[in-house]
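Chain by chain, the residues run as shown.
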Amino acid sequence: MRSTLRKALIVGIVVVVLAAAGAVVYRFVFHGSPSLISADPWTSSTSIHSDLLGRDMPIEIFRPPQAQECVSPPVLFLFHGSGADEGQWMAGSLGLGVGVDRFAHHLIDQGQIRPVTIVSALIDKSYGVDSIPSQDGWSHGPYESYIMTELIPQVDARYSVGFTAADRAIGGLSMGGFAAINAAFRHPEMFASVAGLSPAFFGSPPADRAWIYSGTDDRHDPLTLAAEGAADGLGIFLGYGDSDYAWVREATAELAGRLRDRGSAVQLDEVSGGHDVTTWRQLASAMLLDLFGRGTSTC
């Protein structure tokens, strides 16, 4: 009896594994999923301790050796989408990440961008705002405070980057795009530029997401902040896929319009794709070139 049950269990496991493998093959062959990538040799994993959140928060950091030659070394902070983690911007799980470090490595070698240090940081499912505790399935706590008072200062000090606001940029995709825009618009004195790829914010937020606009002080609506001039002086890169969620495309286009009305320098790119990594890979190089193109840099 036990032998029969054991055999049945083994057969069941094999069936599940084969089904999963088949699903992956089907997805890659018939649905054009992104190719697998490997970690860049200049990228490593570490953590930043947060007293506010009460734990070590993992980061992945792309650190080009040329950064040590910079008089004013630039840094880019990046945030992931909902349900992902700090690896999403780099190689990611199973090699299905954006690979921004790979793009940066190539552009640096080609002399097209400054040797920028890139930090991809975990923010859980928080939208990067300070929020009160709730049992709604999202992550709540002092996440914006963590970003501004622990993550950025510790990285700047540890890696000798971001000496001034002119050397510091922030960006994100999907949920992380909102987190980056929120941080930059609320703390523009800290950044030179901001990027949002398929930023997950709404013209009229649904009830289950209204909390991201209020945080703890009712000052987190990107459209309102843009209209009030919070982003004046910032360089801004925005992008999405032509088949992305309609609410993402509409809100992002509205944001770009409000920023341009105030004279802000906005680059808005639309590429072929949806709300997925193939879209964000297409936008990654354009984002890096817009934020860190050589120009007249001394680095």
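Above this text you will find the structure in question.
None of these values were measured; they are calculated from a predicted model. (Residues numbered from 1 in each chain as written. Predicted model: local features only at pLDDT ≥ 70, side-chain atom pairs only at ≥ 80, totals over all residues. Heavy atoms only, no water.)

*Asks:* Describe the overall build of the protein, listing the residues and the values that go with them.
*Replies:* From N to C terminus, the protein includes eight helices and eight strands. Across the 299 residues of the protein, 51% fall into the buried class. In the protein, the share of contacts with a sequence separation of at least 24, taken over all contacts with a separation of at least 6, comes to 73%. (Helix = DSSP H or I, 4+ residues; strand = E, 2+ residues; numbered from the N terminus. Buried < 20%, exposed > 50% of the residue type's maximum accessible area, 1.4 Å probe, protein only. Contact = heavy atoms within 4.5 Å.)

*Asks:* Got a sec to walk through the sheet that holds strand 7 (residues 235-241)? Specific residues and values, please.
*Replies:* Within the open sheet, the eight strands sit side by side as 1-2-4-3-5-6-7-8. Their pairing is mixed. Because the sheet does not close on itself, it has two edges, and the strands there are strand 1 (43-50) and strand 8 (265-271). Put simply, the sheet's adjacent strands are angled 20 degrees from each other on average, direction ignored. Sheet strands touched by helix 7 (residues 246-261): strand 7 and strand 8. Its angle to strand 7, the strand with the most contacts, is close to 155 degrees. Each of strand 3 (75-79), strand 4 (117-121), strand 5 (168-173), strand 6 (193-197), strand 7 and strand 8 is contacted by helix 8 (residues 277-292), which is oriented at about 165 degrees to strand 7, the strand it contacts most. (Pairing = 2+ DSSP bridges. Axes fitted to C-alpha atoms, helices over the stretch in contact; angles between N-to-C directions.)

*Asks:* Hey, could you go over the packing of helix 2 (residues 100-109) against helix 8 for me, with residue numbers and the actual values?
*Replies:* In the contact formed by helix 2 and helix 8, the axes pass within 9 Å of each other and the chain directions differ by 45 degrees. Our classification of the angle between helix 2 and helix 8 gives oblique. Relative to helix 8, the crossing made by helix 2 is right-handed. In this structure, helix 2 uses Val100, Phe103, Ala104 and Leu107 to contact helix 8, whose residues at the interface are Arg281, Ala284, Ser285, Met287, Leu288 and Leu289. For the contact of helix 2 with helix 8, a count of residues per class yields eight nonpolar, one polar and one charged. (Parallel < 35°, antiparallel > 145°, perpendicular 65-115°, else oblique. Left-handed = near helix turned anticlockwise from the far one by under 90°. Nonpolar A, V, L, I, M, F, W, Y, C, P; charged D, E, K, R; others polar.)

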